[in-house]
Structure formats: C-alpha cells, structure tokens
Amino acid sequence: MSRRRGQPDDAEINVFRQALEDAGVHRLHTNRADTGRPRRRDDDAVAERRAAATSADTQAPTSRTSDGRVEPVRPSEALEFAVPDLPYRTRTQLKRGNIEWEAGLDLHGYTVSEAREQLETFLHDAHGHRWRCVLVIHGKARASLLGKDDDYPVIKSHVNAWLREWPAVLAFCSARDADGGTGAVYILLRRRGDAV
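Residues numbered from 1 in each chain as written. Predicted model: local features only at pLDDT ≥ 70, side-chain atom pairs only at ≥ 80, totals over all residues. Heavy atoms only, no water.

Looking at an unreviewed UniProt entry, the protein chain carries the name DNA-nicking endonuclease, Smr domain, with the source organism given as Chromohalobacter canadensis.

Enquirer: I'd like a rundown of a nonpolar patch on the surface, residues and numbers included.
Expert: There is a patch of nonpolar side chains on the surface, built from Phe16, Leu20 and Val25 and spanning about 270 Å² of accessible area. Here Val25 shows up in the loop between helix H1 (10-22) and helix H2 (43-55). Classification of Val25 by relative accessible area gives partly exposed; the value is 45%. (Patch = residues over 30% accessible without salt bridge, like charges linked within 9 Å, V, L, I, M, F, W, Y side chains within 5 Å. Areas by Shrake-Rupley, 256 points an atom, 1.4 Å probe, with all protein chains shown as cover. Salt bridge = Lys/Arg side-chain N within 4 Å of Asp/Glu carboxyl O. Helix = DSSP H or I, 4+ residues; strand = E, 2+ residues; numbered from the N terminus. Buried < 20%, exposed > 50% of the residue type's maximum accessible area, 1.4 Å probe, protein only.)

Enquirer: A description of the nonpolar core should follow, citing residues and the corresponding values.
Expert: Counting 38 residues, the largest nonpolar core has Leu163 and Ile187 as the members making the most contacts within it. Going through the elements one at a time, strand E1 (80-82), helix H4 (112-128), strand E3 (133-137), helix H5 (154-165), strand E6 (169-174) and strand E7 (184-189) are the ones with two or more residues in this core. Considering every element that reaches this core, the biggest residue donor is E7, with 6 residues. Setting aside chain neighbours within four positions, we find Leu163 in contact with Leu119, Leu123, Val169, Phe172, Val185 and Ile187. (Core = buried A, V, L, I, M, F, W, Y, C linked by side-chain atoms within 4.5 Å. Contact = heavy atoms within 4.5 Å.)

In structure tokens form, the structure reads like this:
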C-alpha cells in the first residue's frame, strides 16, 4: 500500500463531497453547540459560585486520603504494599528492617479523624525533610465506635488504606517485632525529585 504525500486533486475532492452529500452529511456553518437555542444566563447563580470560590480559605489543608469505607484487616495480619516498579531488593530490605527509619509517629489514643490528620501531617513533613523511611505505630487493638466493639483494628485498617493512596509512599510493610510487629509499619517514601 503506497502513501501519497501530495494533495488530492479537485476531481477526488468533488467525488468525496458528493459521497458525503449522498450519505446525508451536511456541512456545518457554525461551530457553536445548540445553535437553535438562545444561551441561558443565570447571573445570580454564576455570581454566587464565583463568590463562594473566591471566599474559600486557600490556606485550609486539603486531605489526600479518603475517609470512606475501608477493608478491615485482622490484628495479627501483616501489612504489605509496594508500587509495581519498586526493585525487589529494596522491598526485601524494607521487610527485613534493613532500611533505617528516621522518624516515627504513634497513633495510639487518636480517633480515626485525628489519626488521619496526624498521619497526613507527618507524611507531609517527612517528605519535606526528604526522609527515606519512617515508622508509624498504628496499634492493633479493636476500637469502639458508636458504643459498640468492632471486630477489627480500625486505625490499622484505615492506615493500610490511607498509605496506599498517598502519592509519596513507595512501599510499606509491617515492622519487625522489635519495632512493633504487626502493630506498626515501615514506610518507604519517595524523596522530592527522586525516581524509583
């Protein structure tokens, strides 16, 4: 199959246009959508949305993690996650505790919303300090919500979900027994500007 580089001649263009016309295709004379209807203007609604957008607190921190339903994990279950292109050797070193953690956060005693806020602040600070590995102690006790005992560790389950959503987290896994075992996780962070 050969490819012509030149422009089609007038006869070919006319044959093409005639085929389109025979098929019922009509040429558009405007590029505006819904040309038959007048444009609806709701100046009050537009002004209200604009005022709400400009009055919003731009300094308010925006959450990077969801607060929806999470998959429950068992108290003794080991947590593990890694981005697909993380080298196997790095993942193994993290699991063995061979990457020294530079800072830690203990989430004992916090509610779910407080734990989320503390974790996000901690991860943001860790990324700003260019720390490579940190430790988060989430615990594994069953929490009480709305006056009833749940059958899974709520903070641990939420931390498992939140860390998977955080963009700077390359991997995390349950810690060695000396650092908290299945009640804590080592978190490997992407340093600003670093590739995996």
